[in-house]
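Here's the letter readout for the chains.
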Amino acid sequence: MLKFLEKIFNYLYPLFRDWGMSRNIASYLSLIFNIVILIIIAYAVYYLAKFVLVTLTAIFAQKTKTKFDDFLINNKTTKYTAYLIPFFFIYKAVPIILDKYEYWELIFGKIVGVYIVLLLLWIIRTIFNSLKDYLKQKPEYSDKPIDSFIQVVMMVLWIFGVVIIISKLFGIKHGELLTILGTLSAIIILIFRDTILGFVSSVQVAVNDMVRIGDWITMDKFGADGDVIEINLATVKVRNFDNTITTIPTYALSSDSFQNWRGMQKSDGRRIKRHVLIKTSTIRFLNDDDLNQMKKIQLITPYIESRQAEIEKFNAIHGVDKTLALNGRNMTNLGLFRKYIIQYMLNHPGLNKDMHMMCRQLQSTAHGVPLEIYTFSSDKRWANYEYIMADIFDHIIASVEYFNLEIFELPSQIGHIE
């Protein structure tokens, strides 16, 4: 190929000399014609490469089952490759055309060489983007931080590309240039601090499976509460539930605390953990009249009857003096209310009966006795979860008075300020 080019480009100069032209005129005139010929051949090579790589590849991609070639076309990989082929041709032809013009041969050779390096990096970038798009449509890779890994690889390639470009422009050997860069490593680390931290964090996030795309995370420090939509080398983007976007530094995921709700989403239920404050002064023992009245509450009627019979038997055996309610065994309105709440939750269709379910009494406070509901809703969707939880506490708050209990409330302000 090179010998053929030499024959073409070296044909005009002897011809012009045979026509009686001077050496300088023949040289410059042959140079002009050779450049025109080079441009024409380069355009011909480009259109041929474009037809083969773009048009035929597009037709071929439509007939294949794999989607990877479609992503290559969408990211214009074949188009940029078609640009590369004529520039390789020009790069080989420049030393032949400018053989007698060493200075310009050096300048144009460097310019074309730099452009080829940049174009190669750009083609590699489009290939990685195609790979990213291809993997993201695979279920097993859709939640992986692919962007971060691609950015790391591209950063390394760009560093090598810059080294090659500088070497070509200034004639410095690659080894010498890398030695110089090594001495400047401290400055490089300072400049790319966030990027390096982001890279390390991206590896930690991927290896430890801390965050995936699609995870619901909460990070109060950055005001993030929503779904992860993108994980990059430097940032993690979270779409909050109010449709705002919060950007978090990637290294913050390994240095700060955050809450990932993936475990809840994959479990069989979403936890409900909330309490009401029962006014302490309303808690008391129940007498027979109270119990007879509360037997009308159907959910706990069997429990009251069996429990009452058990207590009466115990008190009779031990000769307990029941003229004082404190003596012997008794039922309290708060204890009966707890039993009622348990029975109510067992009959609630929105709760998962196979997971923890309890109504527990917490440490008493100055505001009363906290009665906490600890259970799991079977529906984990946010709106439905909130509805189920509200439904339970609506019922609990409305049920308190039937057990002669009261919920603690701060007294309202009486009167007005003049």
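Our structure's up above, just so we're on the same page.
Reading guide: rules and limits
- Residues numbered from 1 in each chain as written.
- Predicted model: local features only at pLDDT ≥ 70, side-chain atom pairs only at ≥ 80, totals over all residues.
- Heavy atoms only, no water.
- Helix = DSSP H or I, 4+ residues; strand = E, 2+ residues; numbered from the N terminus.
- Expected span 1.5 Å × (residues − 1).
- Buried < 20%, exposed > 50% of the residue type's maximum accessible area, 1.4 Å probe, protein only.
- Arc of directions from axis to C-beta.
- Salt bridge = Lys/Arg side-chain N within 4 Å of Asp/Glu carboxyl O.
- Phe/Tyr/Trp six-rings, centres within 6.5 Å; stacked < 30°, edge-to-face > 60°.
- Lys NZ or Arg CZ within 6 Å of the ring centre and 35° of its normal.
- Pairing = 2+ DSSP bridges.

A. Main features of helix H14 (residues 301–317). The end-to-end C-alpha distance of H14, which contains 17 residues, comes to 24 Å, matching closely the 24 Å that a straight helix rising 1.5 Å per residue would cover. Restricting attention to buried positions, one finds in H14 the residues Thr301, Ile304, Gln308, Ile311 and Asn315. Mapping the buried residues of H14 onto a view down its axis gives an arc of 95°, with all of them on the same face. Residues of H14 that are exposed and point more than 90 degrees away from the buried face comprise Pro302, Lys313 and Ile317.

B. Examining unusual backbone geometry more closely. Positioned with a positive phi, Asn243 is a non-glycine residue whose angle comes to about 70°. Its location among the elements puts Asn243 in the loop between strand S3 (235–240) and strand S4 (245–249). Residue Asn404 is not a glycine yet carries a positive backbone phi of 55°. Positionally, Asn404 belongs in the segment after helix H16 (382–399).

C. The pattern of salt bridges, seen in detail. Taken as a whole and judged by the stated rule, the model has nine salt bridges. Between Arg381 and Asp379 there is a salt bridge; the shortest N-O distance is 2.8 Å. One continuous salt-bridge network, built from bridges that share partners, spans Lys273, Arg360 and Glu372.

D. Fine view of the packing of aromatic side chains. In the structure shown here, the tally under the stated rule is eight aromatic pairs. Taking 6.3 Å as the distance between ring centres and 25° as the angle between the ring planes, the aromatic pair formed by Tyr43 and Tyr47 counts as stacked. Here Tyr47 and Tyr43 lie together in helix H3 (residues 23–63), a separation of four residues that amounts to about one turn. What links up through ring pairs into an aromatic cluster is the set Trp216, Phe241, Trp261 and Trp382. Lying over the aromatic face of Trp261, Arg270 brings its terminal NZ or CZ to 5.6 Å of the ring centre. Geometry around Phe314 places Arg329 over its ring, the cationic atom sitting 5.0 Å from the centre.

E. The sheet that holds S4, seen in detail. One open sheet accounts for five strands, arranged S4-S3-S2-S1-S5; its pairing is antiparallel. Of all strands in the sheet, those bounded by a partner on one side alone are S4 and strand S5 (259–260). Here strand S1 (residues 216–219) runs beside strand S2 (residues 224–231); their pairing, made up of four bridges, is antiparallel. Each bridged residue has a counterpart across the sheet, and for Thr218 the counterpart in S2 is Asp225.

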